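Listed below are the residues making up each chain.
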Amino acid sequence: HISWDVDLRSGYPWCKVEGGTFVQRVENFRRTMRESTPDVVICFGWGTAVARLTIAWCALTRTPLVFFGDTTWQFASGTGGRYRSVVRSLVLRGLFRLAAGALSTGTFNREFYILHGMHPSRVIDSVCPIDVDSYSTARAMRKPANTGRGGVEIGFAGKLIPRKGVAELLHALARLKDDRRWHARIIGDGPERDRLEKLSGELGIVGRVRFIGFRNTSEMPNELASCDIVVVPSLRDMRVLVVAEAMATGAVVVASSNTAVWGRGDLIEDGVTGRVYRSGDPAHLASVLKELVEDADRRAMFQAAGAERALGQGPDAFVAGLERAVA
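The rules behind each value
Residues numbered from 1 in each chain as written. Predicted model: local features only at pLDDT ≥ 70, side-chain atom pairs only at ≥ 80, totals over all residues. Heavy atoms only, no water. Pairing = 2+ DSSP bridges. Helix = DSSP H or I, 4+ residues; strand = E, 2+ residues; numbered from the N terminus. Axes fitted to C-alpha atoms, helices over the stretch in contact; angles between N-to-C directions. Buried < 20%, exposed > 50% of the residue type's maximum accessible area, 1.4 Å probe, protein only. Contact = heavy atoms within 4.5 Å. 1 Å grid on protein atoms, 1.4 Å probe; cavity = no way out; pocket = protein on both sides within 12 Å on 5 of 7 lines; lining within 4 Å. Points joined across faces, edges and corners; volume = space filled by probe spheres on them. Nonpolar A, V, L, I, M, F, W, Y, C, P; charged D, E, K, R; others polar. Right-handed = clockwise from strand over helix to strand, strands pointing away. Parallel < 35°, antiparallel > 145°, perpendicular 65-115°, else oblique. Left-handed = near helix turned anticlockwise from the far one by under 90°. Salt bridge = Lys/Arg side-chain N within 4 Å of Asp/Glu carboxyl O.

A.B. asks: Whenever I open this one, the sheet that holds strand S1 (residues 41–44) confuses me. Can you help?
C.D. replies: Strands pair in a sheet through their backbones, by hydrogen bonds, and they do so in one of two ways: parallel or antiparallel. Pairing within the open sheet is parallel, and its 4 strands lie in the order S1-S2-S3-S4. The strands lining the two open edges of the sheet, one partner per strand, are S1 and strand S4 (123–125). This sheet shows a mean twist of 30 degrees between the axes of neighbouring strands, independent of strand direction. As defined by bridge partners, strand S3 (residues 101–104) adjoins S4 across 3 bridges and the pair is classed as parallel.

A.B. asks: Can you help me understand the side chain of Thr 71 in this one?
C.D. replies: Among the structural elements, Thr 71 can be located in the loop between strand S2 (65–68) and helix H3 (81–98). Of the residues examined, Thr 71 reaches a relative accessible area of 16% and is grouped as buried.

A.B. asks: Teacher, can you tell me more about the side chain of Asn 28 here?
C.D. replies: Within the secondary structure layout, Asn 28 lies in helix H1 (residues 22–36). The exposure class assigned to Asn 28 is buried, which follows from its relative accessible area of 18%. Sequence-distant contacts of Asn 28, that is, excluding residues within four places in its chain, are made with Val 17, Glu 18 and Gly 19.

A.B. asks: Would you explain empty space enclosed by the protein in this entry?
C.D. replies: Unoccupied space between atoms shows up once a probe the size of one water molecule is rolled over them. Here the structure, examined in full by the defined rule, presents 1 cavity of 30 Å³ or more. Each pocket or cavity is described by its volume, and for the largest cavity that value is around 50 Å³. Lining the largest cavity, in full, are Thr 105, Cys 128, Arg 239, Val 240, Leu 241, Ala 244, Val 261, Leu 267 and Gln 313. Grouping the constituent residues of the lining of the largest cavity by class yields 6 nonpolar, 2 polar and 1 charged.

A.B. asks: What am I meant to see in the layout of surface pockets here?
C.D. replies: Quantified by volume, the second largest pocket comes out at close to 320 Å³. Taken together, 19 residues make up the lining of the second largest pocket; nearest its centre are Gly 106, Thr 107, Asp 125, Gly 265 and Asp 266. No other element matches the 4 residues that helix H4 (residues 107–115) contributes to the lining of the second largest pocket. Its residues assigned to classes, the lining of the second largest pocket shows 4 nonpolar, 8 polar and 7 charged.

A.B. asks: Looking at this model, I keep getting lost on the pairing of S3. Mind explaining?
C.D. replies: The side chains of a regular strand alternate between both faces of the sheet. Residues of S3 alternate between two faces, with Gly 101 and Leu 103 on one and Ala 102 and Ser 104 on the opposite face, all of them buried. Taken together, the 3 bridges between S2 and S3 define a ladder with parallel strand orientation. In the strand pairing of S3, Val 66 is matched with Gly 101. Regarding the hand of the β-α-β motif, the stretch spanning S3, H4 and S4 is right-handed.

A.B. asks: Help me out: how do you make sense of the packing of H1 against helix H2 (residues 49–61) in this one?
C.D. replies: When two helices pack together, their arrangement is captured by the angle between the axes and the distance separating the axes. As a packed pair, H1 and H2 sit with axes 11 Å apart at the nearest point and diverge in direction by 55 degrees. Considering their axes alone, H1 and H2 lie oblique with respect to each other. For H1 against H2, the interelement crossing comes out right-handed. Packed against H1, whose contacting residues are Val 26, Phe 29, Arg 30, Met 33 and Arg 34, the element H2 presents Val 50, Leu 53, Thr 54 and Trp 57 at the interface.

A.B. asks: So what exactly am I meant to see when it comes to the sheet that holds strand S5 (residues 152–157) here?
C.D. replies: In spatial order, the strands read S7-S6-S5-S8-S9-S10; together these 6 strands make up an open sheet with parallel pairing. Only two strands of the sheet have a single neighbouring strand rather than two, namely strand S7 (209–213) and strand S10 (275–277). Taking each pair of neighbouring strands and ignoring which way they run, the sheet shows an average axis angle of 25 degrees. In the sheet, strand S8 (residues 229–232) pairs with strand S9 (residues 252–256) via 4 bridges, with the strands oriented parallel. Bridge pairing in S9 places Val 230 opposite Val 253.

A.B. asks: Explain the pattern of salt bridges here, please?
C.D. replies: Should their charged atoms come close, side chains of opposite charge can pair. Taken as a whole and assessed by the stated rule, the structure comprises 20 salt bridges. Asp 281 is paired through a salt bridge with Arg 278; the nearest N and O atoms lie 2.9 Å apart. Bridged by salt links that share partners, the residues Glu 153, Arg 185, Arg 210, Arg 215 and Glu 223 form one connected network.

Below is the structure:
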């Protein structure tokens, strides 16, 4: 029921593989690839039909194949029991032996490729790119928090579904309800919204937390720039783009340990460019938030370091990684 207001397809040639039957789609895919005559193919994952066609085509034509995705070793085993995990691991080892290399999108993603048999020299550091310019411009428009008036804004942005962990954030905020120096905004919509609004009432923070609903792509830079702290409490997530986007606007990001955006050299280095809390532990999240609300200097340090780290997450960084992989 929504329509994105930013066009992601103009400015470069692209096509969709059409066709009614499976055989027709395969033939159209084969013809498209033959006409484009690629020297190298970048394949976004391996789980979709078009990705599997791409892998097969590269194997048959001996075209160098480079994988790009955000799967991590944390969640590599998936579901379905030990037998399924073993089979999946063997399949991935075969795919990665076939591939020329991979573009890694972060610390845990890099370790995932190595775990499944790809030599570290064939894993090239890259990024999941964001529109750095738009979010950095919004940072210049930020207004500093007014802690004397309860002005530290704690935000969340994302789809309101159980996996995003908003209930955990609300339970953490409830532990801080006697502290009048903060308020919170929940940006987004989804099937969990009614339940979460009811929960905020049950926890006694209904007057401190605003649910502002869906915001479109072009609105997000200013929305995130209005937050002093952005919490990413996902119970299970890979590369959460809002982390880099929020950092670029100058917000301090506090991420769950069950995301894949932290680690040495990654977006969030705990205590350096942001904070990481133990997923499933709202008390720990509350203590991290309390520290940030109380210490404006510490917030400012994370805001500056995070914004600088996010500058390296744009299209130029992705292109540079692509060039290194092709070379």
